[in-house]
Amino acid sequence: MSPTPTAPAAPPRRAAARLRRRGRAHPRLVDAVLAVGVLICMVAGSLTDPHHPDGPTWRSSPPDAAGFTLMALGAAALVLRRRAPRTVLAAASLASLAVLVSGDPRTPVVMSAAVALYTVAARTDRPTTWRIGLLTSAGLTAGAMLCGNPPWYAQENFGIFAWTGLAAAAGDAVRSRRAYISAIQERADRAERTREEEARRRVAEERLRIARDLHDVVAHHIALVNVQAGVAAHVMDRRPDQAKEALAHVREASRSALDELRATVGLLRQSGDPEAPTEPAPGLARLGDLAERFRNAGLPVEIACPDRGDPLPAAVDLAAYRVVQEALTNVHKHAGPGARAEVSVVPVDGHIEITVLDGGGHGLLGMRERVTALGGTCTAGPRFGGGFRVHAILPAQGATPAPRTPAPVPPPRDGAPKDGR
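Scope of this entry: the structure provided in the associated data block.

Rules and cut-offs
- Residues numbered from 1 in each chain as written.
- Predicted model: local features only at pLDDT ≥ 70, side-chain atom pairs only at ≥ 80, totals over all residues.
- Heavy atoms only, no water.
- Axes fitted to C-alpha atoms, helices over the stretch in contact; angles between N-to-C directions.
- Helix = DSSP H or I, 4+ residues; strand = E, 2+ residues; numbered from the N terminus.
- Parallel < 35°, antiparallel > 145°, perpendicular 65-115°, else oblique.
- Left-handed = near helix turned anticlockwise from the far one by under 90°.
- Contact = heavy atoms within 4.5 Å.
- Nonpolar A, V, L, I, M, F, W, Y, C, P; charged D, E, K, R; others polar.
- Buried < 20%, exposed > 50% of the residue type's maximum accessible area, 1.4 Å probe, protein only.
- Pairing = 2+ DSSP bridges.

## A short note on the packing of helix α4 (residues 85-102) against helix α6 (residues 126-147)
- Relative orientation of the contacting elements α4 and α6 amounts to 15°, with a least axis distance of 9 Å. Of the possible angle classes, the one that applies to α4 and α6 is roughly parallel. The hand of the α4/α6 crossing is right-handed. Contact residues: R86, L89, S93, S96, L97, L100 and V101 in α4; T128, I132, T136, G139, L140, G143, A144 and C147 in α6.
- Looking at side-chain class alone, the contact of α4 with α6 contains 8 nonpolar, 6 polar and 1 charged residues.

## Concerning the pairing of strand β5 (residues 351-357)
- Within β5, 7 of the 7 residues are buried, which leaves it mostly tucked inside the rest of the structure.
- Residues H351, E353, T355 and L357 point to one face of β5 and I352, I354 and V356 to the other, with burial holding for every one of them.
- In this antiparallel pair of consecutive strands, strand β4 (residues 341-348) and β5, the connection spans 2 residues, and D349 shows a positive phi of 50°.
- Two strands pair when backbone bridges link them, and β5 and strand β7 (residues 388-395) are joined in this way by 7 bridges, in the antiparallel orientation. Of the residues in β7, the one forming a bridge with V356 is V390.

## Some remarks on the side chain of S112
- Mapped onto the fold, S112 is located in helix α5 (residues 110-123).
- For S112, a relative accessible area of 0% puts it in the buried group.
- Excluding residues that lie within four positions of it along the chain, S112 makes contacts with V38, M42, G74, A75, L78 and A92.

## Topic: the sheet that holds strand β6 (residues 377-382)
- The mixed open sheet is built from 5 strands, whose spatial order is β3-β4-β5-β7-β6. Pairing within the sheet leaves two strands with one partner each, and these edge strands are β3 (301-304) and β6. Taken pair by pair, the neighbouring strands of this sheet meet at an average axis angle of 10°, ignoring direction.
- Note: β4 against β5, 7 bridges, orientation antiparallel. Considered in β5, the bridge of V346 is made with E353.

Just geometry here; none of it tells us what the structure is for.
Take a look at the structure:
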């Protein structure tokens, strides 16, 4: 029968991390345990004689009651080292000097002073550590040389300077490491906040783009529906056939508006949503359908759009279509009876130039935003002979081109409209 396998012991690193967490949760208990450990080390050091001729051995006579009392007081003060580190250091240093003055056998109360100096260095800045550390080390070393066992140059006297200096250096190193880790964590938190802000900014930009698409779709189709509905209401009694035709155009325009709205709002759906539309976004290939809708609404439109051969990037294709759509919608809304519109889409030197004659109105800002977002330019203004001219240049490859100024718009002749309607 095989023995039952036992669970593997926790890795030492994981156990140490657990102890650190518990220590942070109970700092006073950690200081009490440290004080007991320092007291044990001081008592053990006071009972040994490392310089005996036969080698290290136990002392024949232990320290007196005063020596044990000073060791206990020096160790007990360490319990308060986090709350009042400088006061604890002063008390431990005074106890050490008292031991050096009182004499023999020497008790190592200086251990408590070294721990207190480490605490001060770990919880203050570097200049303060230098000042306090030099003062403590020099004071204790001078006391040992003047009042301790002769000769003054004994190894134990210089050992006091070395141990206290080492404690100050260790405390300063721990403080520097804590500051370094804190700076790294702060940078990481700042980077995380920056990423969140960037994500929110991109979401806001995407919402703005979708809102602009919705505005273009709704404004275009509602304008057509409004005109056709007005025609139908006007001729309903006298010419019912023409009214039916106008209502058919209303139905077609409303259906197109719903389709485009569904396609635009579909961008907000999840990728696995079966109801998400699969119809491609409108582009220059659908300019014929766009012109036909305007012709049915009573606006003659002529379109010149030669076949480029190479397909345009989706963003450029959609932006070009929306520019033409918005310009024609403004012509239909503001130009008045007898207006005509001419659309030209021509590839020139790696760009797409769009010109709409007699186009203007309140959608110009949206056009400029679309074109500028793709690195192009868009201008609009009155033209010779009356009317309006919209001119846009888009990069054919979707990259941001060098700034390029479209052809200047000549000033209007006398009598031409100057407000762009």
